[in-house]
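Descriptive structure summary
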Amino acid sequence: MANITRIEAGPRMSKAVVHGDTVYLAGIVADDNTQDVTGQTKQVLAEIDRLLALAGTDKSKLLRANIWITDMAQFGAMNAVWDAWVSPGNTPARATVQAALATPAYKVEIMVVAAK
Amino acid sequence: MANITRIEAGPRMSKAVVHGDTVYLAGIVADDNTQDVTGQTKQVLAEIDRLLALAGTDKSKLLRANIWITDMAQFGAMNAVWDAWVSPGNTPARATVQAALATPAYKVEIMVVAAK
Amino acid sequence: MANITRIEAGPRMSKAVVHGDTVYLAGIVADDNTQDVTGQTKQVLAEIDRLLALAGTDKSKLLRANIWITDMAQFGAMNAVWDAWVSPGNTPARATVQAALATPAYKVEIMVVAAK
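Reference entry: report on the structure contained in this document.

Procedures and definitions
Residues numbered from 1 in each chain as written. Chains lettered and ligands numbered in written order. Predicted model: local features only at pLDDT ≥ 70, side-chain atom pairs only at ≥ 80, totals over all residues. Least-squares fit on C-alpha atoms with pLDDT ≥ 70 in both. Contact = placed C-beta atoms within 7 Å. Helix = DSSP H or I, 4+ residues; strand = E, 2+ residues; numbered from the N terminus. Nonpolar A, V, L, I, M, F, W, Y, C, P; charged D, E, K, R; others polar. Pairing = 2+ DSSP bridges. Axes fitted to C-alpha atoms, helices over the stretch in contact; angles between N-to-C directions. Left-handed = near helix turned anticlockwise from the far one by under 90°. Buried ≥ 20, exposed ≤ 12 C-beta atoms within 10 Å, placed from the backbone.

Notes on the relation of the copies chain C and chain A
Superposing chain C onto chain A takes a rotation of 120 degrees combined with a translation of 0.0 Å along the rotation axis, leaving an RMSD of 0.0 Å. The relationship between the two copies is best expressed as a three-fold rotation axis. Residue Ala99(C), judged by its C-alpha, is the member of chain C lying nearest the rotation axis, at 3.7 Å. When the interface residues of chain C are mapped onto chain A, a mere 4% of them are again interface residues, pointing to distinct binding faces.

Rendered as structure tokens:
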């Protein structure tokens with residue numbers, strides 16, 4: 001079987017898990033959830049960049065993304081940050097739906113799968 | 001590492017991403033969202049068939065499916081279309097939950113992973 | 001291509017699908033949905049243990065988990081059962097969001113991916 005490497009493994013979840021050449025990231029939310037959806041999305045994507053780097057890969061190898069936002073009225077604001085961040089020509093398969101998150105302060109959560 | 005091939009890659013997302021022998025499709029919604037959940041589910045599954053074919057595979061190799069419907073009262077109507085579409089004996093691992101989608105006109109969104 | 005093995009394949013979905021050394025489980029809910037979120041989470045995790053065993057693996061090889069709960073006020077109760085169940089040092093990448101499930105009696109649904 002392929003090797004499993006866990007990154008920042010806590011008692012509840014790992015921030016990332018590498019299985020062979022596939023990297024699974026946890027659902028990421030903003031550290032500072034007092035910011036609006038624009039600020040929170042920037043924080044989330046920066047954290048995804050950090051975790052992908054720890055896993056030995058980067059956003060140009062994203063395979064799949066699941067995005068949850070708490071208010072679909074903020075879809076455009078989230079997308080503006082997303083569109084500026086993704087690697088041109090290397091966008092993942094993506095789905096975005098509305099859902100309440102762990103606390104009402106969170107406006108967006110993103111969970112990705114990448115290749116390494 | 002395994003090769004990555006992106007299908008209908010746009011500036012925001014790709015419709016499908018092939019990584020080695022795993023195919024990740026985007027969350028698919030109906031082009032004509034004036035139809036009811038039955039019509040929309042048929043459209044979504046036809047689009048999934050089209051994308052799987054472009055990726056060199058088909059519904060008999062589905063691995064996993066995530067389904068979001070906007071109103072759980074329409075679960076039976078969605079399932080009737082799904083059950084008639086899936087490849088007998090080759091059904092994927094599946095989960096269906098309720099969620100609001102990008103616009104209220106969308107009644108169903110489906111995101112699958114397949115082997116090729 | 002890698003081999004596909006389906007476990008408890010029904011006309012709508014399979015309980016688990018093994019593709020190469022990756023195992024995709026269906027979204028699992030409690031058989032007895034009269035129980036509270038604590039009891040339901042225990043049932044769900046026992047069923048995940050059973051399916052992982054049928055697939056030739058176990059919870060120490062979990063890669064990713066998606067959890068849906070119907071009421072975020074029950075997040076702590078679900079987590080207490082989860083935290084006691086996971087394999088220390090081998091926790092998966094995880095995301096939890098709120099969603100209505102197939103019937104209001106269900107309080108929690110969990111869908112995992114594991115290595116074998």
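What to know about the interface of chain C and chain B
Facing 24 residues of chain C, the contacting portion of chain B comprises 23 residues. When residues of the side of chain C that touches chain B are traced back to their parent elements, those giving at least two are strand 1 (4-9), strand 2 (14-19), strand 3 (22-25) and strand 6 (108-115) of chain C. For the side of chain C that touches chain B, the element with the highest residue contribution is strand 2 of chain C, accounting for four residues. Among the residues forming the side of chain C that touches chain B, the class breakdown is 17 nonpolar, four polar and three charged.

Describing the sheet that holds strand 2 of chain C
Residue and element names in this part refer to chain C. Spatially, 1-2-3-6-4-5 is the arrangement adopted by the six strands of the open sheet, whose pairing is mixed. Here the strands that pair on one side only, and so sit at the sheet edges, are strand 1 and strand 5 (93-98). On average, each strand axis in the sheet is inclined to that of its neighbour by 10 degrees, with strand direction left out of account. Note: strand 1 against strand 2, five bridges, orientation antiparallel. Bridge pairing in strand 2 links Ile7 to Ala16.

Here's the deal with the interface of chain C and chain A
The interface of chain C with chain A comprises 23 residues on the first partner and 24 residues on the second. For the side of chain C that touches chain A, the secondary structure elements donating two or more residues are strand 4 (62-69), helix 2 (75-85) and strand 5 of chain C. With six residues, strand 5 of chain C is the largest single contributor of residues to the side of chain C that touches chain A. Looking at the side of chain C that touches chain A residue by residue, the classes come out as 11 nonpolar, six polar and six charged.

Some details on the packing of helix 1 (residues 37-54) of chain B against helix 2 (residues 75-85) of chain B
Residue and element names in this part refer to chain B. Closest axis-to-axis distance for the helix 1/helix 2 pair is 8 Å, and the angle between their directions is 35 degrees. The crossing of helix 1 and helix 2 is right-handed. Residues Val37, Thr38, Thr41, Lys42 and Leu45 of helix 1 form the contact with helix 2, whose participating residues are Ala77, Met78, Val81, Trp82 and Trp85. Broken down by class, the residue content of the contact of helix 1 with helix 2 amounts to seven nonpolar, two polar and one charged.

Looking at the relation of the copies chain C and chain B
What relates the two chain copies is a rotation about an axis together with a slide along it. Once chain C has been moved 0.0 Å along the axis and rotated by 120 degrees, it coincides with chain B to within an RMSD of 0.0 Å. In this assembly, only 4% of the residues forming the interface of chain C have copies in chain B that are likewise at the interface, indicating a heterologous arrangement.

As for the sheet that holds strand 3 (residues 22-25) of chain A
Residue and element names in this part refer to chain A. Taken in spatial order, the six strands make up an open sheet running 1-2-3-6-4-5, and their pairing is mixed. Of all strands in the sheet, those with a lone pairing partner are strand 1 (4-9) and strand 5 (93-98), marking the two edges. On average, adjacent strands in this sheet sit at an angle of 10 degrees to one another, irrespective of strand direction. In this structure, strand 3 lies alongside strand 6 (residues 108-115), joined through three bridges in antiparallel fashion. When the bridges of strand 6 are listed, Val23 appears paired with Ala114. Lying on the sheet, helix 1 (residues 37-54) is in contact with strand 1, strand 2 (14-19), strand 3, strand 4 (62-69) and strand 6; it crosses strand 6 at an angle near 25 degrees.

Things to note about the environment of Ala100(B)
As for its placement among the helices and strands, Ala100(B) is situated in the loop between strand 5 (93-98) and strand 6 (108-115). Classification of Ala100(B) by C-beta neighbours within 10 Å gives partly exposed; the count is 16. Separated by 13 residues in the primary sequence, Ala100(B) and Ser87(B) have C-alpha atoms spaced 28 Å apart. Excluding anything up to four places from it in sequence, Ala100(B) contacts Met72(A), Val97(A), Gln98(A) and Thr70(B).

Description of the pairing of strand 4 of chain C
Residues and elements named next belong to chain C. Buried residues dominate strand 4, accounting for eight of its eight residues. The pairing of strand 4 with strand 6 spans seven bridges and is classified as antiparallel. Among the inter-strand pairings, Ile69 is bridged to a residue of strand 6, identified as Val108. Pairing analysis gives six bridges linking strand 4 to strand 5, with the strands arranged parallel. Counterpart to Arg64 in the pairing with strand 5 is Ala93.

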